[in-house]
Amino acid sequence: MDSKIKYVHTGKAGGRRYSATGGRASTGRAASAAPHPPRATKSSYTASGAQGTRPATRVAHQTRANTYVPRRPRRRRSLKPVLAVLAVIALAAGVGCWYFKFRNITVAVNGQSVTTHVNTTIETLLADNDNFGVTPGRLLSVGGNVLDEQGGDVCAVKRGDEAVAAKDFATTTVSDGDALTVENGADATEPNHEEEVELPCAIQSEGHGAVQYVSQWGKPGKKIVAVGETSGETVDKEIVEEATDMVVTSKNLSPKGGKYVAITFDDGPSDYTQQILDILEEKGAKATFYNLGENAQNKPKLTKAVVDGGHELASHTMAHKNLPKLDRDSLRNEITTAFDALKEASGETTQMIRAPYGAFTATEWARSGDIVSCNVLWNIDTLDWKRPGADAITAAALDGVKNGSIILMHDGGGNREQDVEALPAIIDELQNQGYKLVTVSKLMELDGSIPDEVIENKVKLPEGSVLPEA
Ligand SMILES: [Zn+2]
């Protein structure tokens, strides 16, 4: 024991300081000031309030006592079990994840086993296997033309007996054990939209005979069409409202209440016209004259004389053109200018025509049916223009004549001496047979089946009606 060491109360419970030899208390310097700080041992005395009263002797024999107070060691809990549980959970999750997302499954495609991952879509399955060698369909326009040889469905897929739409390939997954059939892709149609459009009316011709007129006006209908987004093609889908076709009726006339015939003269007026008018007046017969507009302009007095004689004046068109060879505007011009010329010469308004050569087809009707009341052909052709002799002309005029017959002669277009010579005999014989010689309009009136507006030259396109496209 070192007697030089004495210990000093610092007044602080449990707090003691060493005082080195010399009796000086050291309060500012800690244990390091001691020459040999004691080791912390189990026997080290730990002061406390209660222990502060322990005898100093006890302390005194503690060699190299110091103030070092070791902490009571804390008992630590091990993390190992927790980590182990977490590891197991993570492993299980990983395995589960793999199982549900990546495990292999087997499907049968066209009878062959194919291994793939669970949750594989049909689209991926096809892509991974080069579409199993099938050929894609074509992309077609709405009209059925090929836009892209390989633009259709990639392939046709059935799962079991159930077809899977191509649009569902990307969202349909295969399951273990599925039996798939993969075949060549179907053709697809380009994107398209529907529109309601006018359904045009057409033209129909019915009957046979010398007098032609519009018996029914055309009206457009409505239809739904599909319009191709790429091709621009238009295809009929559905008729909403049927169109009403324009109908041109041809018929021979059957006047009631007697026997009637109509003698007609084309290509005038000419220098022969007045002689013919004189004969008609002398015989008390009426006739119909189909004047050319140009001739009426050149000899307006003769055109006027026709009307003044109580005969019917109608149009043989302006310049004797073959009307089916004209376009729509030229056709209408040829007709209207002639009407105007006749009106100018005679003061009479007419819509009746006799087309040169009788040529007036459905197309001409579709193009001008709104300005022509009727086209009058003939039942008996005298072939007078061949100049076969007056007797031959007379014989031809009478051959096969019957009630309602329309007889064709000419007062213009060449030398008409034979017509002038034949006419009196023709009239005499017809009258002897009991026929009355009347105008074509009178024949139509006596027939009783011709619409009033046709007879009265008051034809116009009714409201809501249209002419067919032609
Ligand atoms: Zn003619």
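Since we're looking at a predicted model, the values are computed, not measured. (Residues numbered from 1 in each chain as written. Predicted model: local features only at pLDDT ≥ 70, side-chain atom pairs only at ≥ 80, totals over all residues.)

**Observations concerning the overall build of the chain**
For the chain, the helix and strand inventory stands at twelve helices and 24 strands. Taking all 470 residues of the chain together, 30% fall into the buried category. (Helix = DSSP H or I, 4+ residues; strand = E, 2+ residues; numbered from the N terminus. Buried ≥ 20, exposed ≤ 12 C-beta atoms within 10 Å, placed from the backbone.)

**A word on the environment of Gly-232**
Mapped onto the fold, Gly-232 is located in the loop between β14 (221-228) and β15 (234-241). Note: C-alpha distance between Gly-232 and Ser-141 (91 residues apart in sequence) is 8.6 Å.

**Quick look at the sheet that holds strand β9 (residues 179-184)**
The mixed open sheet is built from five strands, whose spatial order is β4-β3-β9-β7-β8. Of all strands in the sheet, those bounded by a partner on one side alone are β4 (112-117) and β8 (162-164). With strand direction ignored, the average angle separating the axes of adjacent strands in the sheet is 35°. Across five bridges, strand β7 (residues 155-159) lies against β9 in antiparallel orientation. (Pairing = 2+ DSSP bridges. Axes fitted to C-alpha atoms, helices over the stretch in contact; angles between N-to-C directions.)

**Here we look at the sheet that holds β15**
In spatial order, the strands read β11-β14-β15; together these three strands make up an open sheet with antiparallel pairing. Every other strand in the sheet has two partners, leaving β11 (192-199) and β15 as the edge strands with one partner each. With strand direction ignored, the average angle separating the axes of adjacent strands in the sheet is 25°. Two strands pair when backbone bridges link them, and β14 and β15 are joined in this way by six bridges, in the antiparallel orientation. When the bridges of β15 are listed, Val-225 appears paired with Asp-236.

**Observations concerning the pairing of β14**
Bridge analysis of β11 against β14 gives eight bridges, and the strand direction is antiparallel. Along β14, the bridge assignment pairs Glu-196 with Ile-224. The antiparallel pairing of β14 with β15 creates a hairpin that spans five residues between the two strands, and Gly-232 there sits at a positive phi of about 75°.

**Examining the environment of Ile-455**
With respect to the helices and strands, the residue Ile-455 is situated in helix α12 (residues 452-455). Ile-455 has contacts with Ser-441, Met-444, Glu-445 and Ile-450, leaving out every residue within four places of it along the chain. (Contact = placed C-beta atoms within 7 Å.)

**As for the packing of helix α4 (residues 273-283) against helix α6 (residues 300-308)**
With their axes 10 Å apart at the nearest point, α4 and α6 run at an angle of 15° to one another. Overall, the two elements α4 and α6 adopt an arrangement that is roughly parallel. Once α4 is placed against α6, the crossing between them reads as left-handed. Residues Thr-273, Gln-274 and Leu-277 of α4 lie in contact with α6, whose contacting residues are Leu-302, Ala-305 and Val-306. Of the residues in the contact of α4 with α6, the class split is four nonpolar, two polar and no charged. (Parallel < 35°, antiparallel > 145°, perpendicular 65-115°, else oblique. Left-handed = near helix turned anticlockwise from the far one by under 90°. Nonpolar A, V, L, I, M, F, W, Y, C, P; charged D, E, K, R; others polar.)

**Details of unusual backbone geometry**
Omega for the bond connecting Gly-268 with Pro-269 falls within 30 degrees of zero, at -5°, which places this linkage in the cis form. Within the fold, Pro-269 resides in the loop between β17 (260-266) and α4. Non-glycine residue Phe-132 carries a positive phi angle of around 55°. Here Phe-132 shows up in the loop between α3 (122-128) and β5 (139-140). Residue classification places Phe-132 among the partly exposed residues on the basis of 17 C-beta atoms within 10 Å.

**Observations concerning the nonpolar core**
Ranked by internal contacts, the top residues of the largest apolar core, which has 70 residues, are Val-261, Ala-262, Ile-407 and Leu-437. Looking at which element gives the most residues to this core, the answer is helix α7 (residues 328-346), with seven residues. In contact with Leu-437, not counting residues within four places along its chain, are Val-261, Ile-263, Ala-285, Lys-286, Ala-287, Ile-427 and Leu-430. Listed in part, the eleven residues of the second largest apolar core include Ile-122, Leu-125, Ala-166 and Leu-180. (Core = buried A, V, L, I, M, F, W, Y, C linked by C-beta atoms within 7 Å.)

**Describing the packing of helix α9 (residues 390-398) against helix α10 (residues 417-432)**
Where α9 contacts α10, the two axes come as close as 8 Å, and the packing angle between them is 40°. By the angle class used here, α9 and α10 are oblique. Crossing of α9 over α10 shows right-handed handedness. Side by side, α9 and α10 meet where Ala-390, Ile-393, Thr-394, Ala-397 and Leu-398 of the first sit next to Gln-418, Asp-419, Glu-421, Ala-422, Ala-425, Ile-426 and Glu-429 of the second. Considered class by class, the residues forming the contact of α9 with α10 number seven nonpolar, two polar and three charged.

**Topic: α4**
Those residues of α4 lying buried are Thr-273, Ile-276, Leu-277 and Leu-280. Viewed along the axis of α4, the buried residues span an arc of 100°, placing them on a single side of the element. The first or second residue beyond α4 is Gly-284, which carries a positive phi of 70°. (Arc of directions from axis to C-beta.)

**Structural notes on the confidence of the model for the chain**
For the chain, per-residue confidence averages 88 on the pLDDT scale, and 84% of positions sit at 70 or higher. Segment residues 1-63: pLDDT under 50, and 57 contacts once partners within four positions in sequence are set aside and those in other chains are kept. (pLDDT = per-residue confidence, 0-100.)

**Topic: α7**
With 19 residues, α7 extends 27 Å between its outermost C-alpha atoms, agreeing within 8% with the 27 Å of an ideal straight helix rising 1.5 Å per residue. Turning to α7, its buried residues number three or more, namely Leu-331, Glu-334, Ile-335, Ala-338, Phe-339, Ala-341, Leu-342, Ala-345 and Ser-346. Buried residues of α7, viewed axially, fall in a sector of 160°; they line one side. Buried positions along α7 lie against β18 (287-291), α5 (293-298), α6, β19 (312-315), β20 (352-353) and α8 (362-368). (Expected span 1.5 Å × (residues − 1).)

**Brief notes about the environment of Gly-284**
Structurally, Gly-284 can be placed in the loop between α4 and β18. The spacing of Gly-284 and Gln-431 is 147 residues in sequence and 10.0 Å in space, taken between C-alpha atoms.

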